[in-house]
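Coordinates in review
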Amino acid sequence: MASTCATGKHRRPSRMKRTTARAAGIAALTTTGVIGTVASGPALAAEKAVEQTGLIPVVTIGDTVAERIDDQAAAQKQAAVAEAARKEAAARAAAKAEAEREARVRAARAAERERLNAFVSPISGSYVSTSYRSGGSLWSSGSHTGIDFHAASGTPVHAVGLGTVVEAGWGGAYGNQVVIRMNDGTYTQYGHLSSISVSVGQKVAPGQRIALSGATGNVTGPHLHFEARTGVEYGSDIDPVAYLRKHGVRI
C-alpha cells in the first residue's frame, strides 16, 4: 500500500531554516554598514510569514532603525563638510603666513640694501676744522687736498660707505692711513691714525670702525684727515664735502 505522506515538495521551510536565513540577511546588512546594531531590535522581533515562492525571505527594517541610519549618514556628511572647511581654513592660514614671511624677507633685504648704499660721516658728531684747498706751508702741494675733522686721539673712525680696503699702513706725511676703494669706483682716504683695525682686501660697510684717530705723520695736533679721490694715487682728489653731501651726509 502506497504511503499517504506527501513528499513535501512545497513544504513550508522549518523554523530553523527561516531563522538561519534571517540571521544571514541581518549579517549582510551589518557588514555593509546599513545597520550598526540589530541585536534584539524591536523592528525585527516579529517574523513575517513567507510565501511559498522558493525565494529568500526579505528582512523588513523598522522606522527606528531607518531613522538611525539616516542620522548616521547626516552626521557623516556634516563631519565631512566640517573637515573640508577646516582644511580650507588651514590652507588659507598657511598661504597668509607664507605671504607675510615673504613680505618680511623682502623688507629686510630692501633695508639691508638701503643700509649698504648709505653713506655716513667718518667721525660721528664732529665738524670740519680745516677746509678743502686751504693754502699754507703745511702742505707740500701748497694747498690742503682734503678736509680735517676735529677729533681727539683714540676717536673711532668709520668707513663712510661700502668698499674694499686697498691700503692700510704707513703713508709718509699722512702717517698711519687707510685707503678704501668705494663701490662706485671712487676712493676715500683716512690719515694720521693712531691705530688701524682693518687689512688690505677686507670689505667694509658704512659706519664700520676701521681705525682710531691720532697725530701720526706731518701734523700739528690730533685730528682726522679725510680725502675723496677719483683714483688711488695722490693728486686725484676731489672736494670731500661735496662728495659726502652728494651721498646724503650733512657736515
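Keep in mind that what you see is a predicted model, and the values were worked out from it rather than measured.

On average, the protein scores 82 in pLDDT, and the residues at 70 or more come to 73%. In the model, residues 15-32 has pLDDT below 50 throughout and makes 17 contacts with residues more than four positions away in sequence or in other chains. Segment residues 34-51: pLDDT under 50, and 26 contacts once partners within four positions in sequence are set aside and those in other chains are kept.

This next bit is on the pairing of strand β2 (residues 147-150). Sheet topology places strand β1 (residues 128-130) next to β2; two bridges connect them, and they run antiparallel. Bridged to V128 within β2 is F149. Examined bridge by bridge, β2 and strand β9 (residues 223-229) share four bridges and lie antiparallel to one another. Note that in β9 the partner of H150 across the bridge is H223.

Now for a negative patch on the surface. A contiguous patch of negative charge on the surface is contributed by D63, E67, D70 and D71. Secondary-structure assignment places E67 in helix α2 (residues 63-117). The exposure class assigned to E67 is partly exposed, which follows from its relative accessible area of 49%.

What follows is about the nonpolar core. With 26 residues, the main nonpolar core has V157, V178, I180, Y190 and I210 as its most contacted residues. Contributing elements (two or more residues each) for this core: β2, β5 (176-182), β6 (187-196), β8 (209-213), β9 and α3 (240-246). Apart from residues lying up to four places away in sequence, V157 is in contact with P122, I123, Y190, L193, Q208, R209, I210, A211, L212, S213 and L224.

Where charged atoms of side chains with opposite charge meet at close range, the side chains can pair. Applying the stated criterion across every chain, the model contains six salt bridges. Between E98 and R101 there is a salt bridge whose closest N-O contact spans 2.9 Å. Remark: R101 and E98 occur in helix α2; sequence separation between them is three residues, near one turn of the helix. Residue class for R101 comes out partly exposed when judged on its relative accessible area of 39%. Across the pair E112 and R115 runs a salt bridge, and its minimum N-O distance is 2.8 Å. With E112 and R115 both in helix α2 and three residues apart, this pair spans about one turn of that helix. On the accessibility criterion, E112 (36% relative accessible area) is partly exposed. A residue is classified by how much of its surface remains accessible, and R115, at 40% relative accessible area, is partly exposed.

Overall, the coordinates contain three aromatic pairs when judged by the stated rule. Taking the centre distance of 6.4 Å and the plane angle of 70 degrees together, the rings of F149 and F226 count as edge-to-face. Here the residue F149 occupies a position in strand β2, and F226 occupies one in strand β9, the gap between them amounting to 77 residues. On the accessibility criterion, F149 (1% relative accessible area) is buried. Clustering of aromatic rings is evident, with ring pairs tying together F149, Y190 and F226.

Okay, unusual backbone geometry next. Backbone geometry places R133, a non-glycine residue, at a positive phi of 70 degrees. Residue placement: R133 occurs in the loop between β1 and β2. Residue classification places R133 among the partly exposed positions, given a relative accessible area of 46%. For H192, which is not glycine, the phi torsion reads 65 degrees and is therefore positive. One can find H192 in strand β6.

What counts, and where the lines are drawn
- Residues numbered from 1 in each chain as written.
- Predicted model: local features only at pLDDT ≥ 70, side-chain atom pairs only at ≥ 80, totals over all residues.
- Heavy atoms only, no water.
- pLDDT = per-residue confidence, 0-100.
- Contact = heavy atoms within 4.5 Å.
- Pairing = 2+ DSSP bridges.
- Helix = DSSP H or I, 4+ residues; strand = E, 2+ residues; numbered from the N terminus.
- Patch = residues over 30% accessible without salt bridge, like charges linked within 9 Å, V, L, I, M, F, W, Y side chains within 5 Å.
- Areas by Shrake-Rupley, 256 points an atom, 1.4 Å probe, with all protein chains shown as cover.
- Salt bridge = Lys/Arg side-chain N within 4 Å of Asp/Glu carboxyl O.
- Lys, Arg positive; Asp, Glu negative; His and termini not counted.
- Charge placed at Lys NZ, Arg CZ, Asp CG, Glu CD.
- Buried < 20%, exposed > 50% of the residue type's maximum accessible area, 1.4 Å probe, protein only.
- Core = buried A, V, L, I, M, F, W, Y, C linked by side-chain atoms within 4.5 Å.
- Phe/Tyr/Trp six-rings, centres within 6.5 Å; stacked < 30°, edge-to-face > 60°.

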